[in-house]
Amino acid sequence: MQPDTRISAIAHVIQLAIAPVFMLTGIASLLGVLTSRLARIIDRARALEDRFIDVTGEHKHLLGSDLLMLSRRARHINRAISLCTIAALLVCLMIAILFISGFFSYDISRIVATCFVLSMAALITGLLSFLREVQLATRSLRIGPH
């Protein structure tokens, strides 16, 4: 292979890898939001656990149900974080495969397509889990005196 042809091939691979890099940036931003929500859930649960020891009666029951809801929310957010991380890893794998393919003449289209589809499936499922967590948070929202 001529040096100019090799450079052209590598430049083409870089062009192909740009779109997945933007996707990776979007997933990274989403992961930032998800981890912030998880941190807030954990902080709220710790605050309620500290108060749980000192209360009795109806207040203890309310705190217990709030802690149970926070636990459910944390599970959903944790699942969303895990799935979005898997999606990001698959995008990284896809980028690596694209770069490696620049040096070989193998047909890697099926591997790249599989990585992309699996990444999208993980991202969609992660977003659905995030949506469920938001629904739970909205349902358990109490505003004003109770």
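Along each chain, residues carry numbers from 1 onward, in the same order as the chain's sequence is written. With pLDDT at 70 or above as the cut-off, local features in this predicted model cover only qualifying residues; side-chain atom pairs require 80 or more to be listed or tallied, and sums for whole chains, interfaces and linings still use all residues. Calculation of side-chain values draws on the structure's entire complement of heavy atoms; hydrogens and water are dropped beforehand.

Draft legend 1. Spotlight on the state of the cysteines. Counting rule for disulfides: a pair of cysteine sulfur atoms within 2.5 Å. A full pass over the atoms with the stated rule returns zero disulfides. Cys84 forms no disulfide, and the closest cysteine sulfur to it belongs to Cys92, at a distance of 13 Å. The thiol of Cys92 is not disulfide-bonded; the next cysteine sulfur, from Cys115, is found 11 Å away.

Draft legend 2. Region of interest: the packing of helix H2 (residues 57-101) against helix H3 (residues 109-139). Only C-alpha atoms enter the line fits that serve as axes; for helices the fit covers just the stretch in contact. Angles between N-to-C directions range over 0 to 180 degrees. In DSSP terms, a helix is any run of H or I states spanning at least four residues, a strand is any run of E spanning at least two, and both are numbered starting from the N terminus. Viewed as axis vectors pointing N to C, H2 and H3 meet at an angle of 160°, and their least axial separation amounts to 8 Å. Regarding the angle of H2 to H3, the classification is roughly antiparallel. Relative to H3, H2 is oriented so that their crossing is left-handed. Along the lines of polarity and charge, the residues of the contact of H2 with H3 split into 23 nonpolar, five polar and five charged. An angle below 35 degrees is treated as roughly parallel, one above 145 as roughly antiparallel, one from 65 to 115 as roughly perpendicular, and anything else as oblique. What makes a crossing left-handed is the near helix being turned counterclockwise from the far one by less than a right angle; a clockwise turn instead makes it right-handed. Ten residues, namely Ala, Val, Leu, Ile, Met, Phe, Trp, Tyr, Cys and Pro, are considered nonpolar, four, namely Asp, Glu, Lys and Arg, are considered charged, and the remaining ones, Gly among them, are considered polar.

Draft legend 3. Structural context of the pattern of salt bridges. One side-chain nitrogen of Lys or Arg within 4 Å of one carboxyl oxygen of Asp or Glu is enough to make a salt bridge. One pass over the structure, following the stated rule, counts two salt bridges. When the shortest N-O distance is used, the salt bridge between Arg37 and Glu133 registers 2.8 Å. Residue Arg37 is found in helix H1 (residues 3-52), and its partner Glu133 is found in helix H3; the two are separated by 96 residues along the sequence. Buried means the residue's accessible area, taken with a 1.4 Å probe over protein chains only, is under 20% of the maximum for its type, while exposed means over 50%, and partly exposed covers the values in between. You can call Arg37 partly exposed: its relative accessible area is 25%. Residue classification places Glu133 among the buried residues on the basis of a relative accessible area of 0%. Here Arg73 makes a salt bridge to Glu133, at a shortest N to O gap of 2.7 Å. Of the two residues, Arg73 is situated in helix H2 and Glu133 in helix H3; the sequence distance between them amounts to 60 residues. Here Arg73 matches Glu133 in class, with each residue buried.

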